[in-house]
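# Residue-level structural notes
This is what each chain is made of:
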Amino acid sequence: MNTSINYAKAFDAFIKKDGGVGRFDTEYIDPERQLLFDKLKEYLQSFIDFARQSEFTAPKGKMPYVYFDFIDDLSFNAKAGFDEDGNEFIGLNHGAVLLIFDIFNRLLAHKAILPNIGFIDLEVNPVKLPALTRTYADIQAFFDHYDLTTLVRPKQKIRIDHARLLSEFALIFLVEHEMAHLLYGHVHYKKQKSGFSFIMEFDEDQAEQVFPPFTNKCLEWSADSWSAAQAINRLIQLVEKSDTFDHLNSVYNPPESGVYINWAFSMWVIFRLMDVVRTAKGQEKSLKYPVPMERFISVFDMAWQVLDHHGTKYKHEILTNSVIDHLCEAEKGLHLISVNMLNKKEFGDFVDGLYVDDFEDAFITKIRSHWKSVVKPELLPLTRTTDIM
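As a starting point, this report considers the structure included with it. Predicted, not measured: the structure shown is a model, and the values here were computed from it. (Residues numbered from 1 in each chain as written. Predicted model: local features only at pLDDT ≥ 70, side-chain atom pairs only at ≥ 80, totals over all residues. Heavy atoms only, no water.)

This brings us to the sheet that holds strand β2 (residues 78–82). What the four strands build is an open sheet, ordered β1-β3-β2-β4; its pairing is mixed. Strand pairing shows two members of the sheet lacking a second neighbour, β1 (66–71) and β4 (198–200), which therefore form its edges. Strand-to-strand twist across the sheet, computed as the mean angle between neighbouring axes with direction ignored, equals 15°. Where β2 lies against β4, three bridges are found, and the strand directions are antiparallel. (Pairing = 2+ DSSP bridges. Helix = DSSP H or I, 4+ residues; strand = E, 2+ residues; numbered from the N terminus. Axes fitted to C-alpha atoms, helices over the stretch in contact; angles between N-to-C directions.)

Take a look at the structure:
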């Protein structure tokens, strides 16, 4: 980190350069929300710093300091890139944070969702949203329309804490996904191809025109897989050394399995929310971007690889069944809190495919082939890490 650089100012200029509003300045918001965002900023920055200094990245000596901050925008989006001076950034719309906390609070406020966490009789089912939304401005309008003056939250502390845990799983995944775009050289690859020195999670103007459709899917698969690997490695360490997940010990058997199961629950919700955003922006998701089922399959596959590497004691079929149960519960939950549900047959076929022994999905097979033959050779000179797949 170069102490002579005003990274907040540089970040603001980076966001504004391509038409963004700029950096989200917490100085002018209410103290409670200010504390939330300031603490969250520090927390998410720590994951970026850890990845930058990891045993796979540090030896190459190519990864500069990456500054993280929030973008002053209520919609759901994230951005990774660098400016003309070589400063590197990851930005997350502050509206994405609010949307993520809102959706998990709504889920845990409902009696029928994860009923084994706490005492559900104390909960009051929230008013059903007309749809999942891509911007927190819609949530605010919905509150005003129904004269709701408080945020939807569970009544019980244990369910409030669990909603926060699921939200943090999702936020960390998003930020590490963006970090993968920088670590693996995806942003520099895009710069070579198009002149654009950033990747946005949702960019209807130009991003999807840069790469052939399946190459674009490969880059997203690569970022998802790396982020999932980071998450599972970290969860394994936390389970062994921390009391972070103590509230799950009495609910799941073995207790540690509850951590991975709830992480999977969080991943499905965030993939579905991101798909709603992409659809609302009119992007042709099936050709250029992984749909929720493909994204879940990617992280499911990577999670098993990491668990196997660590010599997990869980039997595949036991943990897989539990993950699938929570996946179905997450999808049911999204329908209970909003008028939004996948095609039942399509979802059913996807779930059935996850039960197959020696799981190897056709999407993963095709992605790996294209990655090895087309994408990876072009990324090797640009990557800043030794663990490129």
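Most of β2 sits out of view: five of its five residues are buried. A two-sided burial pattern is seen for β2, the buried positions comprising Ala78, Ala80 and Phe82 on one face and Lys79 and Gly81 on the other. Strand direction decides the pairing type here: β2 and strand β3 (residues 88–93), joined by five bridges, are antiparallel. Its bridge partner being in β3, Ala78 is matched across the sheet by Leu92. Remark: five residues form the turn of the hairpin made by β2 and β3, two consecutive strands paired antiparallel; Gly86 in that turn has positive phi of roughly 85°. (Buried < 20%, exposed > 50% of the residue type's maximum accessible area, 1.4 Å probe, protein only.)

As a further point, take the environment of Arg164. Among the secondary structure elements, Arg164 is positioned in helix α5 (residues 157–183). We classify Arg164 as partly exposed; its relative accessible area is 37%. With 56 residues separating them in the primary sequence, Arg164 and Leu108 have C-alpha atoms 9.8 Å apart. Those residues in contact with Arg164, other than ones at most four positions away along the chain, are Leu36 and Phe101. (Contact = heavy atoms within 4.5 Å.)

Once that is clear, we can look at helix α6 (residues 186–194). For α6, the complete set of buried residues consists of His186, Val187, Tyr189 and Lys190. Projected onto a plane normal to the axis of α6, the buried residues spread over an arc of 155° and lie on a single side. At the exit of α6 stands Gly195, carrying a positive phi of roughly 90°. (Arc of directions from axis to C-beta.)

This brings us to the side chain of Glu176. For Glu176, the position within the fold is in helix α5. Accessibility expressed as a relative area gives 3% for Glu176, which makes it buried. If we skip the residues at most four places from it in the chain, Glu176 touches Phe47, Trp226, Ser227, Gln230, Ala231 and Arg234.

Attention now goes to the packing of α6 against helix α14 (residues 362–379). Each pair of packed helices can be described by the angle between their axes along with the distance between the axes. Relative orientation of the contacting elements α6 and α14 amounts to 85°, with a least axis distance of 9 Å. Of the possible angle classes, the one that applies to α6 and α14 is roughly perpendicular. Facing α6, whose interface residues are His186, Tyr189 and Lys193, α14 presents Trp371, Glu378 and Leu379. A class-by-class count of the residues in the contact of α6 with α14 yields three nonpolar, one polar and two charged. (Parallel < 35°, antiparallel > 145°, perpendicular 65-115°, else oblique. Nonpolar A, V, L, I, M, F, W, Y, C, P; charged D, E, K, R; others polar.)

So, on to unusual backbone geometry. If you check the backbone angles, Leu114 has positive phi at about 45° while not being a glycine. Note that Leu114 resides in the loop between α3 (94–109) and α4 (136–145). Note on Leu114: relative accessible area 0%, which makes it buried.

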